[in-house]
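# Observations on chain architecture
Read off the chains here:
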Amino acid sequence: MFGRRSEKIPNVPTAPPAAGSTAPSAAPHPAASTAQQALNRAPAAPPAALAPAVTPKVMPAQHVNRNNTLVSARSEEYYDIKTMVFTALIEAIDLTQLSLLDNNAARNEIREIVNEIISIREVALSITEQEKLLEDICNDVLGYGPLEPLLVRDEINDIMVNGSDTTYIEVAGVTEQTGVRFRDDRHLMSVCQRIVSQVGRRVDEASPICDARLPDGSRVNVIVPPLAIDGPVLTIRKFRKDRLRLQDLVDLKAITSEGAEVLSIIGHVRCNCLISGGTGSGKTTLLNALTGFIDVEERIVTCEDAAELQLQQPHVVRLETRPPNLEGEGSVTMRDLVKNCLRMRPDRIIVGEVRGSEAFDLLQAMNTGHDGSMGTLHANSPREALSRLESMIIMGGFSLPSKTIKEMIADSIDVLIHGARLRDGSRKITHITEILGMEGDVITTQDLFVYDVSGEDASGKLLGEHRSTGIMKPAFWDRARYYGQEAELAAALEAAEVRDY
(Lines give C-alpha, C1' and ligand atoms only; values in the text may rest on other atoms or scores of the structure.)
Protein backbone atom coordinates (compact mmCIF):
# COMPACT_ATOMS: atom_id res chain seq x y z
CA MET A 1 0.00 0.00 0.00
CA PHE A 2 1.15 3.57 -0.70
CA GLY A 3 3.42 4.75 2.12
CA ARG A 4 4.69 1.28 3.14
CA ARG A 5 8.09 -0.12 2.45
CA SER A 6 6.56 -3.40 1.13
CA GLU A 7 3.24 -5.21 0.76
CA LYS A 8 0.68 -5.66 3.47
CA ILE A 9 1.13 -8.49 5.94
CA PRO A 10 -0.37 -11.73 4.54
CA ASN A 11 -3.17 -13.63 6.16
CA VAL A 12 -1.65 -16.12 8.61
CA PRO A 13 -3.06 -18.48 11.25
CA THR A 14 -3.89 -16.62 14.40
CA ALA A 15 -3.50 -17.58 18.00
CA PRO A 16 -6.22 -16.99 20.58
CA PRO A 17 -6.26 -13.31 21.61
CA ALA A 18 -4.55 -12.31 24.83
CA ALA A 19 -6.76 -11.61 27.80
CA GLY A 20 -8.23 -8.17 27.56
CA SER A 21 -7.09 -7.69 23.96
CA THR A 22 -9.51 -6.55 21.26
CA ALA A 23 -7.19 -7.13 18.29
CA PRO A 24 -6.51 -10.65 16.88
CA SER A 25 -2.97 -11.95 17.39
CA ALA A 26 -0.85 -12.99 14.40
CA ALA A 27 1.40 -16.03 14.74
CA PRO A 28 4.98 -15.92 13.40
CA HIS A 29 5.25 -16.58 9.66
CA PRO A 30 8.27 -16.96 7.36
CA ALA A 31 6.84 -14.36 4.94
CA ALA A 32 5.99 -11.77 7.60
CA SER A 33 5.46 -8.19 6.51
CA THR A 34 7.88 -5.33 7.02
CA ALA A 35 5.94 -4.50 10.17
CA GLN A 36 6.90 -7.90 11.58
CA GLN A 37 10.48 -7.55 10.36
CA ALA A 38 10.72 -4.12 11.90
CA LEU A 39 9.53 -5.51 15.20
CA ASN A 40 12.23 -8.14 15.03
CA ARG A 41 14.87 -5.47 14.44
CA ALA A 42 13.50 -2.97 16.94
CA PRO A 43 15.14 -2.74 20.36
CA ALA A 44 13.33 -4.91 22.85
CA ALA A 45 11.36 -3.09 25.50
CA PRO A 46 11.21 -4.28 29.10
CA PRO A 47 9.42 -7.65 29.28
CA ALA A 48 6.84 -6.32 31.72
CA ALA A 49 5.69 -3.87 29.07
CA LEU A 50 5.68 -6.18 26.05
CA ALA A 51 4.99 -9.80 27.01
CA PRO A 52 1.41 -10.54 25.93
CA ALA A 53 0.55 -12.62 28.95
CA VAL A 54 1.57 -9.96 31.44
CA THR A 55 0.99 -6.72 29.61
CA PRO A 56 -0.79 -4.47 32.10
CA LYS A 57 -3.79 -2.40 31.37
CA VAL A 58 -2.62 1.13 30.68
CA MET A 59 -5.75 3.15 31.22
CA PRO A 60 -4.69 6.80 31.18
CA ALA A 61 -4.85 8.43 34.56
CA GLN A 62 -6.86 11.65 34.67
CA HIS A 63 -7.17 14.49 37.09
CA VAL A 64 -9.01 17.78 37.18
CA ASN A 65 -6.97 20.88 37.91
CA ARG A 66 -8.06 24.10 39.54
CA ASN A 67 -9.60 25.35 36.31
CA ASN A 68 -11.77 22.19 36.12
CA THR A 69 -9.75 21.24 33.03
CA LEU A 70 -9.48 17.50 32.41
CA VAL A 71 -5.81 16.64 31.96
CA SER A 72 -4.61 13.23 30.80
CA ALA A 73 -1.62 11.57 32.44
CA ARG A 74 -0.27 8.42 30.77
CA SER A 75 1.43 5.64 32.74
CA GLU A 76 5.04 4.51 32.30
CA GLU A 77 3.82 1.23 30.76
CA TYR A 78 1.90 3.22 28.17
CA TYR A 79 5.03 5.08 27.11
CA ASP A 80 7.02 1.83 26.91
CA ILE A 81 4.41 0.33 24.57
CA LYS A 82 4.19 3.54 22.54
CA THR A 83 7.98 3.63 22.09
CA MET A 84 8.03 0.03 20.90
CA VAL A 85 5.17 0.55 18.43
CA PHE A 86 6.55 3.87 17.16
CA THR A 87 10.01 2.37 16.54
CA ALA A 88 8.48 -0.48 14.56
CA LEU A 89 6.27 1.92 12.60
CA ILE A 90 9.20 4.08 11.49
CA GLU A 91 10.95 0.93 10.24
CA ALA A 92 7.83 -0.21 8.35
CA ILE A 93 6.80 2.96 6.49
CA ASP A 94 8.36 5.07 3.78
CA LEU A 95 8.18 8.64 5.10
CA THR A 96 8.92 10.10 1.67
CA GLN A 97 5.92 8.36 0.11
CA LEU A 98 3.78 9.12 3.17
CA SER A 99 4.43 12.84 2.75
CA LEU A 100 2.71 12.71 -0.65
CA LEU A 101 -0.60 11.73 0.94
CA ASP A 102 -3.10 14.20 2.32
CA ASN A 103 -3.48 14.30 6.08
CA ASN A 104 -6.53 12.00 6.31
CA ALA A 105 -5.08 9.37 3.98
CA ALA A 106 -1.75 9.44 5.82
CA ARG A 107 -3.51 8.98 9.16
CA ASN A 108 -5.48 6.03 7.82
CA GLU A 109 -2.29 4.42 6.51
CA ILE A 110 -0.51 4.87 9.84
CA ARG A 111 -3.47 3.55 11.83
CA GLU A 112 -3.63 0.41 9.66
CA ILE A 113 0.07 -0.37 10.14
CA VAL A 114 -0.07 0.33 13.87
CA ASN A 115 -3.02 -2.04 14.21
CA GLU A 116 -0.96 -4.74 12.52
CA ILE A 117 1.97 -4.12 14.87
CA ILE A 118 -0.29 -4.33 17.92
CA SER A 119 -1.78 -7.55 16.58
CA ILE A 120 1.58 -9.15 15.79
CA ARG A 121 3.05 -8.23 19.15
CA GLU A 122 -0.10 -9.30 20.99
CA VAL A 123 -0.24 -6.12 23.05
CA ALA A 124 -3.24 -6.21 25.37
CA LEU A 125 -5.17 -2.95 24.97
CA SER A 126 -8.81 -2.08 25.32
CA ILE A 127 -10.55 -0.30 22.46
CA THR A 128 -10.24 3.05 24.24
CA GLU A 129 -6.54 2.53 24.98
CA GLN A 130 -5.83 1.45 21.43
CA GLU A 131 -7.60 4.51 20.02
CA LYS A 132 -5.55 6.79 22.26
CA LEU A 133 -2.35 5.06 21.18
CA LEU A 134 -3.27 5.37 17.50
CA GLU A 135 -4.06 9.07 17.89
CA ASP A 136 -0.83 9.77 19.78
CA ILE A 137 1.32 8.04 17.18
CA CYS A 138 -0.44 9.81 14.29
CA ASN A 139 0.25 13.11 16.05
CA ASP A 140 3.90 12.15 16.49
CA VAL A 141 4.37 11.37 12.80
CA LEU A 142 2.18 14.04 11.18
CA GLY A 143 1.69 16.79 13.76
CA TYR A 144 3.25 18.21 16.89
CA GLY A 145 3.16 15.06 18.95
CA PRO A 146 1.78 15.35 22.51
CA LEU A 147 1.10 19.06 21.94
CA GLU A 148 -1.72 18.41 19.45
CA PRO A 149 -4.51 17.92 22.06
CA LEU A 150 -3.43 21.14 23.79
CA LEU A 151 -3.24 23.19 20.59
CA VAL A 152 -6.85 22.43 19.63
CA ARG A 153 -8.24 23.70 22.96
CA ASP A 154 -9.20 27.36 22.66
CA GLU A 155 -9.33 27.95 26.40
CA ILE A 156 -5.55 27.45 26.77
CA ASN A 157 -3.55 30.68 26.54
CA ASP A 158 -0.01 29.39 27.00
CA ILE A 159 1.76 26.04 26.69
CA MET A 160 5.08 25.77 28.56
CA VAL A 161 7.20 22.66 28.01
CA ASN A 162 10.07 22.49 30.52
CA GLY A 163 11.93 19.47 29.21
CA SER A 164 10.48 16.22 27.92
CA ASP A 165 8.63 15.19 31.09
CA THR A 166 7.11 18.46 32.34
CA THR A 167 4.41 20.52 30.61
CA TYR A 168 2.38 23.40 32.03
CA ILE A 169 -0.58 25.27 30.59
CA GLU A 170 -2.24 28.55 31.47
CA VAL A 171 -6.03 28.68 31.49
CA ALA A 172 -7.95 31.77 32.62
CA GLY A 173 -4.76 33.30 34.00
CA VAL A 174 -3.90 30.30 36.21
CA THR A 175 -0.92 28.03 35.49
CA GLU A 176 -1.41 24.28 35.93
CA GLN A 177 0.82 21.26 35.35
CA THR A 178 -0.49 18.62 32.95
CA GLY A 179 0.24 14.95 32.44
CA VAL A 180 1.51 15.61 28.90
CA ARG A 181 5.07 14.42 28.27
CA PHE A 182 7.41 13.43 25.44
CA ARG A 183 9.28 10.14 25.02
CA ASP A 184 12.62 11.83 25.64
CA ASP A 185 14.55 15.00 24.82
CA ARG A 186 15.16 13.81 21.26
CA HIS A 187 11.40 13.52 20.71
CA LEU A 188 10.83 17.04 22.06
CA MET A 189 13.71 18.36 19.94
CA SER A 190 12.21 16.85 16.79
CA VAL A 191 8.90 18.61 17.48
CA CYS A 192 10.74 21.91 18.01
CA GLN A 193 12.63 21.41 14.74
CA ARG A 194 9.39 20.68 12.92
CA ILE A 195 7.81 23.90 14.20
CA VAL A 196 10.68 26.26 13.43
CA SER A 197 11.48 24.70 10.03
CA GLN A 198 8.00 25.66 8.81
CA VAL A 199 9.03 29.33 8.89
CA GLY A 200 12.55 28.76 7.52
CA ARG A 201 14.36 28.82 10.84
CA ARG A 202 16.47 26.34 12.77
CA VAL A 203 17.34 25.52 16.34
CA ASP A 204 20.34 23.45 17.42
CA GLU A 205 23.50 23.74 19.50
CA ALA A 206 24.94 26.30 17.09
CA SER A 207 21.73 28.38 17.18
CA PRO A 208 20.12 27.49 20.51
CA ILE A 209 17.50 30.28 20.66
CA CYS A 210 14.73 30.68 18.12
CA ASP A 211 11.52 32.68 17.76
CA ALA A 212 8.97 31.21 15.38
CA ARG A 213 5.23 30.86 14.88
CA LEU A 214 2.61 28.25 14.15
CA PRO A 215 0.46 28.44 11.00
CA ASP A 216 -2.35 30.07 13.03
CA GLY A 217 -0.01 32.86 14.19
CA SER A 218 0.62 31.50 17.68
CA ARG A 219 3.98 32.73 19.00
CA VAL A 220 6.70 30.14 19.65
CA ASN A 221 9.99 30.42 21.53
CA VAL A 222 12.51 27.58 21.72
CA ILE A 223 15.71 27.44 23.75
CA VAL A 224 17.77 24.26 23.79
CA PRO A 225 20.96 22.89 25.40
CA PRO A 226 23.61 23.99 26.14
CA LEU A 227 21.71 27.14 27.15
CA ALA A 228 18.76 25.20 28.60
CA ILE A 229 20.38 23.00 31.24
CA ASP A 230 17.55 20.51 31.83
CA GLY A 231 16.61 19.87 28.20
CA PRO A 232 14.80 21.79 25.43
CA VAL A 233 12.29 24.40 26.60
CA LEU A 234 9.35 25.24 24.33
CA THR A 235 6.92 28.08 25.01
CA ILE A 236 3.82 28.71 22.89
CA ARG A 237 1.62 31.78 23.25
CA LYS A 238 -1.59 30.57 21.64
CA PHE A 239 -3.87 32.76 19.57
CA ARG A 240 -7.57 32.19 19.44
CA LYS A 241 -8.96 31.03 16.11
CA ASP A 242 -11.70 33.64 16.44
CA ARG A 243 -9.96 37.01 16.75
CA LEU A 244 -11.10 39.04 19.76
CA ARG A 245 -12.74 42.36 19.02
CA LEU A 246 -13.22 45.35 21.29
CA GLN A 247 -16.74 44.20 22.13
CA ASP A 248 -15.28 40.89 23.31
CA LEU A 249 -12.93 42.82 25.61
CA VAL A 250 -15.96 44.67 26.97
CA ASP A 251 -17.73 41.35 27.59
CA LEU A 252 -14.63 40.12 29.42
CA LYS A 253 -14.67 43.32 31.51
CA ALA A 254 -11.23 44.33 30.33
CA ILE A 255 -12.67 47.79 29.51
CA THR A 256 -16.04 49.53 29.75
CA SER A 257 -18.22 50.09 26.70
CA GLU A 258 -17.50 53.83 26.88
CA GLY A 259 -13.77 53.21 27.04
CA ALA A 260 -14.03 50.82 24.09
CA GLU A 261 -15.87 53.49 22.09
CA VAL A 262 -13.05 55.95 22.77
CA LEU A 263 -10.50 53.33 21.66
CA SER A 264 -12.42 52.71 18.45
CA ILE A 265 -12.39 56.44 17.71
CA ILE A 266 -8.64 56.57 18.44
CA GLY A 267 -8.11 53.80 15.89
CA HIS A 268 -10.41 55.39 13.31
CA VAL A 269 -9.05 58.96 13.43
CA ARG A 270 -5.45 57.80 12.92
CA CYS A 271 -3.94 58.65 16.28
CA ASN A 272 -0.40 57.36 16.69
CA CYS A 273 -0.63 54.73 19.42
CA LEU A 274 1.67 52.68 21.58
CA ILE A 275 0.30 49.77 23.60
CA SER A 276 2.33 48.96 26.70
CA GLY A 277 2.13 46.25 29.33
CA GLY A 278 3.90 43.31 30.88
CA THR A 279 4.27 39.78 29.55
CA GLY A 280 0.89 38.15 28.95
CA SER A 281 -1.05 41.37 29.52
CA GLY A 282 -2.84 41.20 26.16
CA LYS A 283 -0.87 43.77 24.16
CA THR A 284 -1.04 41.93 20.85
CA THR A 285 -4.72 41.07 21.38
CA LEU A 286 -5.51 44.75 21.94
CA LEU A 287 -3.42 45.78 18.93
CA ASN A 288 -5.37 43.30 16.80
CA ALA A 289 -8.63 44.75 18.11
CA LEU A 290 -7.58 48.34 17.35
CA THR A 291 -6.59 47.48 13.79
CA GLY A 292 -10.20 46.47 13.19
CA PHE A 293 -11.04 50.19 12.91
CA ILE A 294 -8.55 50.93 10.15
CA ASP A 295 -10.23 51.88 6.87
CA VAL A 296 -10.24 49.08 4.29
CA GLU A 297 -8.77 51.45 1.68
CA GLU A 298 -5.57 52.06 3.65
CA ARG A 299 -2.31 50.29 2.86
CA ILE A 300 -0.88 48.70 6.02
CA VAL A 301 2.66 47.37 6.43
CA THR A 302 3.40 45.24 9.50
CA CYS A 303 6.86 44.44 10.90
CA GLU A 304 7.26 41.55 13.35
CA ASP A 305 9.86 39.18 14.70
CA ALA A 306 7.38 36.35 14.17
CA ALA A 307 4.27 37.21 12.15
CA GLU A 308 1.32 36.90 14.52
CA LEU A 309 -0.95 39.87 13.83
CA GLN A 310 -4.29 38.94 12.31
CA LEU A 311 -5.38 41.97 10.31
CA GLN A 312 -8.63 41.67 8.37
CA GLN A 313 -8.11 44.49 5.87
CA PRO A 314 -7.50 43.51 2.22
CA HIS A 315 -4.41 45.71 1.65
CA VAL A 316 -1.87 44.36 4.14
CA VAL A 317 1.84 43.68 3.59
CA ARG A 318 3.42 41.49 6.28
CA LEU A 319 7.16 41.60 6.93
CA GLU A 320 9.15 39.35 9.25
CA THR A 321 12.71 39.55 10.55
CA ARG A 322 15.31 36.93 9.69
CA PRO A 323 18.05 35.56 11.97
CA PRO A 324 21.66 35.14 10.73
CA ASN A 325 22.73 31.98 8.93
CA LEU A 326 25.41 29.52 10.06
CA GLU A 327 28.12 31.93 8.99
CA GLY A 328 26.55 34.72 11.04
CA GLU A 329 25.42 36.61 7.95
CA GLY A 330 22.16 37.46 6.24
CA SER A 331 20.21 38.70 9.26
CA VAL A 332 17.42 41.22 8.73
CA THR A 333 16.62 43.20 11.86
CA MET A 334 13.46 44.97 12.91
CA ARG A 335 15.11 48.30 12.18
CA ASP A 336 15.89 47.14 8.64
CA LEU A 337 12.21 46.32 8.13
CA VAL A 338 10.93 49.61 9.56
CA LYS A 339 13.38 51.61 7.44
CA ASN A 340 12.30 49.69 4.35
CA CYS A 341 8.63 50.35 5.18
CA LEU A 342 9.15 54.02 4.42
CA ARG A 343 9.92 53.09 0.78
CA MET A 344 6.77 50.97 0.42
CA ARG A 345 4.21 53.78 0.40
CA PRO A 346 2.41 52.74 3.61
CA ASP A 347 -0.58 54.58 5.03
CA ARG A 348 0.10 52.98 8.41
CA ILE A 349 3.07 51.14 9.86
CA ILE A 350 2.44 48.60 12.61
CA VAL A 351 5.36 47.19 14.60
CA GLY A 352 4.55 43.99 16.49
CA GLU A 353 6.93 44.81 19.33
CA VAL A 354 9.34 47.73 19.75
CA ARG A 355 12.40 46.51 21.61
CA GLY A 356 15.46 48.26 20.18
CA SER A 357 16.80 50.94 17.88
CA GLU A 358 13.78 50.58 15.56
CA ALA A 359 12.01 52.86 18.07
CA PHE A 360 13.81 55.82 16.47
CA ASP A 361 12.66 54.93 12.96
CA LEU A 362 9.09 54.30 14.11
CA LEU A 363 8.94 57.72 15.78
CA GLN A 364 10.34 59.27 12.61
CA ALA A 365 7.61 57.56 10.58
CA MET A 366 4.89 58.71 12.97
CA ASN A 367 6.15 62.27 12.65
CA THR A 368 6.53 62.33 8.87
CA GLY A 369 3.13 61.61 7.37
CA HIS A 370 2.31 58.09 8.54
CA ASP A 371 -0.42 58.97 11.01
CA GLY A 372 -2.19 56.09 12.70
CA SER A 373 0.94 53.98 13.12
CA MET A 374 0.95 51.59 16.06
CA GLY A 375 3.23 49.34 18.07
CA THR A 376 3.61 47.53 21.38
CA LEU A 377 6.35 47.51 24.00
CA HIS A 378 6.98 46.05 27.44
CA ALA A 379 6.54 48.45 30.35
CA ASN A 380 4.95 48.56 33.80
CA SER A 381 3.10 51.87 33.33
CA PRO A 382 2.54 54.56 30.68
CA ARG A 383 5.23 56.74 32.24
CA GLU A 384 7.74 53.87 32.20
CA ALA A 385 6.85 53.19 28.56
CA LEU A 386 8.06 56.70 27.67
CA SER A 387 11.28 56.13 29.62
CA ARG A 388 11.85 52.82 27.84
CA LEU A 389 11.42 54.47 24.45
CA GLU A 390 14.05 57.03 25.34
CA SER A 391 16.40 54.29 26.59
CA MET A 392 15.97 52.26 23.38
CA ILE A 393 16.95 55.25 21.25
CA ILE A 394 19.99 56.04 23.39
CA MET A 395 21.11 52.39 23.39
CA GLY A 396 20.74 52.35 19.60
CA GLY A 397 23.75 54.62 19.38
CA PHE A 398 21.98 57.87 18.49
CA SER A 399 23.98 60.82 19.83
CA LEU A 400 21.04 63.05 20.64
CA PRO A 401 20.41 65.12 23.76
CA SER A 402 17.84 63.69 26.14
CA LYS A 403 15.54 66.68 25.66
CA THR A 404 15.60 66.25 21.87
CA ILE A 405 14.58 62.61 22.19
CA LYS A 406 11.75 63.51 24.57
CA GLU A 407 10.52 66.20 22.20
CA MET A 408 10.50 63.65 19.38
CA ILE A 409 8.45 61.25 21.53
CA ALA A 410 5.99 63.98 22.55
CA ASP A 411 5.56 65.14 18.95
CA SER A 412 5.13 61.62 17.53
CA ILE A 413 2.87 59.69 19.91
CA ASP A 414 -0.71 60.76 20.57
CA VAL A 415 -2.02 58.01 22.86
CA LEU A 416 -0.57 55.39 25.20
CA ILE A 417 -2.80 52.42 26.07
CA HIS A 418 -1.59 50.32 28.99
CA GLY A 419 -2.74 46.81 29.85
CA ALA A 420 -1.95 44.64 32.85
CA ARG A 421 -2.34 41.05 33.95
CA LEU A 422 -3.51 41.29 37.54
CA ARG A 423 -2.45 38.86 40.25
CA ASP A 424 -5.74 36.95 40.00
CA GLY A 425 -4.99 36.22 36.32
CA SER A 426 -7.48 38.70 34.85
CA ARG A 427 -6.40 41.15 32.15
CA LYS A 428 -7.47 44.78 32.24
CA ILE A 429 -6.82 47.89 30.20
CA THR A 430 -5.68 50.04 33.11
CA HIS A 431 -4.85 53.34 31.37
CA ILE A 432 -5.84 55.28 28.30
CA THR A 433 -3.36 58.13 28.41
CA GLU A 434 -2.73 60.92 25.92
CA ILE A 435 0.52 62.83 25.51
CA LEU A 436 0.11 66.58 25.65
CA GLY A 437 3.63 67.89 24.99
CA MET A 438 6.63 69.13 26.96
CA GLU A 439 6.99 71.22 30.07
CA GLY A 440 10.65 71.93 30.50
CA ASP A 441 12.41 68.56 30.28
CA VAL A 442 9.32 66.51 31.18
CA ILE A 443 6.79 64.91 28.82
CA THR A 444 3.32 65.84 30.05
CA THR A 445 0.46 63.36 29.92
CA GLN A 446 -3.13 63.08 31.09
CA ASP A 447 -5.22 60.00 31.76
CA LEU A 448 -8.63 59.69 30.12
CA PHE A 449 -9.54 56.34 31.72
CA VAL A 450 -7.94 54.40 34.56
CA TYR A 451 -8.68 51.16 36.37
CA ASP A 452 -8.72 51.22 40.17
CA VAL A 453 -8.45 48.06 42.29
CA SER A 454 -10.62 48.33 45.41
CA GLY A 455 -10.11 44.91 47.06
CA GLU A 456 -10.83 41.24 46.48
CA ASP A 457 -13.70 38.84 47.05
CA ALA A 458 -13.79 35.62 49.04
CA SER A 459 -12.54 33.57 46.08
CA GLY A 460 -9.47 35.76 45.60
CA LYS A 461 -10.76 37.64 42.56
CA LEU A 462 -9.77 41.30 42.53
CA LEU A 463 -12.52 43.89 42.69
CA GLY A 464 -12.20 47.18 40.87
CA GLU A 465 -13.70 49.48 38.27
CA HIS A 466 -12.80 51.55 35.25
CA ARG A 467 -13.49 55.24 35.68
CA SER A 468 -13.26 58.34 33.58
CA THR A 469 -10.97 61.11 34.82
CA GLY A 470 -13.46 63.74 33.70
CA ILE A 471 -11.51 65.03 30.68
CA MET A 472 -14.24 66.07 28.26
CA LYS A 473 -12.09 67.52 25.48
CA PRO A 474 -8.92 65.46 24.93
CA ALA A 475 -5.96 66.67 22.91
CA PHE A 476 -7.04 64.67 19.83
CA TRP A 477 -10.42 66.45 19.76
CA ASP A 478 -9.52 68.41 16.61
CA ARG A 479 -8.42 65.21 14.90
CA ALA A 480 -11.78 63.62 15.78
CA ARG A 481 -13.56 66.64 14.32
CA TYR A 482 -11.49 66.36 11.11
CA TYR A 483 -12.61 62.74 10.66
CA GLY A 484 -16.24 63.43 11.58
CA GLN A 485 -16.05 61.60 14.93
CA GLU A 486 -16.50 64.61 17.21
CA ALA A 487 -20.08 63.80 18.23
CA GLU A 488 -19.27 60.14 18.94
CA LEU A 489 -16.27 61.11 21.07
CA ALA A 490 -18.30 63.63 23.07
CA ALA A 491 -21.09 61.10 23.64
CA ALA A 492 -18.67 58.42 24.85
CA LEU A 493 -16.91 60.78 27.29
CA GLU A 494 -20.23 62.10 28.62
CA ALA A 495 -21.58 58.56 29.09
CA ALA A 496 -18.42 57.62 30.99
CA GLU A 497 -18.83 60.64 33.26
CA VAL A 498 -22.48 59.75 33.95
CA ARG A 499 -21.52 56.15 34.75
CA ASP A 500 -18.95 57.31 37.29
CA TYR A 501 -21.39 59.72 38.84
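Residues numbered from 1 in each chain as written. Predicted model: local features only at pLDDT ≥ 70, side-chain atom pairs only at ≥ 80, totals over all residues. Heavy atoms only, no water.

### Regarding the nonpolar core
Leu249, Leu263, Ile266, Leu286 and Ile432 are the most contacted members of the largest nonpolar core, which has 39 residues in total. If we skip the residues at most four places from it in the chain, Leu286 touches Leu246, Leu249, Leu263, Ile275, Ile417 and Ile429. Counting 34 residues, the second-largest nonpolar core is a separate cluster that includes Met344, Val351, Leu362 and Met366. (Core = buried A, V, L, I, M, F, W, Y, C linked by side-chain atoms within 4.5 Å. Buried < 20%, exposed > 50% of the residue type's maximum accessible area, 1.4 Å probe, protein only. Contact = heavy atoms within 4.5 Å.)

### Focus on helix α13 (residues 358–366)
For α13, the buried fraction is high: 8 of the 9 residues fall into the buried class. Taken residue by residue, α13 has Glu358, Ala359, Phe360, Asp361, Leu362, Leu363, Ala365 and Met366 as its buried positions. Of the surrounding elements, those touching the buried residues of α13 are β11 (273–277), α12 (334–341), β14 (348–351), β15 (374–378), α14 (382–395) and α15 (402–412). (Helix = DSSP H or I, 4+ residues; strand = E, 2+ residues; numbered from the N terminus.)

### What to know about the sheet that holds strand β5 (residues 156–162)
Ordered by their spatial adjacency, 6 strands build an open sheet running β7-β6-β5-β10-β9-β8, and the pairing between neighbours is antiparallel. The two strands at the open ends of the sheet, each matched to only one other strand, are β7 (174–177) and β8 (209–213). Between one strand axis and the next, the sheet turns by 15° as a mean value, whatever way the strands run. Two elements, strand β9 (residues 219–223) and strand β10 (residues 233–237), share 5 bridges in a ladder whose sense is antiparallel. Each bridged residue has a counterpart across the sheet, and for Arg219 the counterpart in β10 is Arg237. (Pairing = 2+ DSSP bridges. Axes fitted to C-alpha atoms, helices over the stretch in contact; angles between N-to-C directions.)

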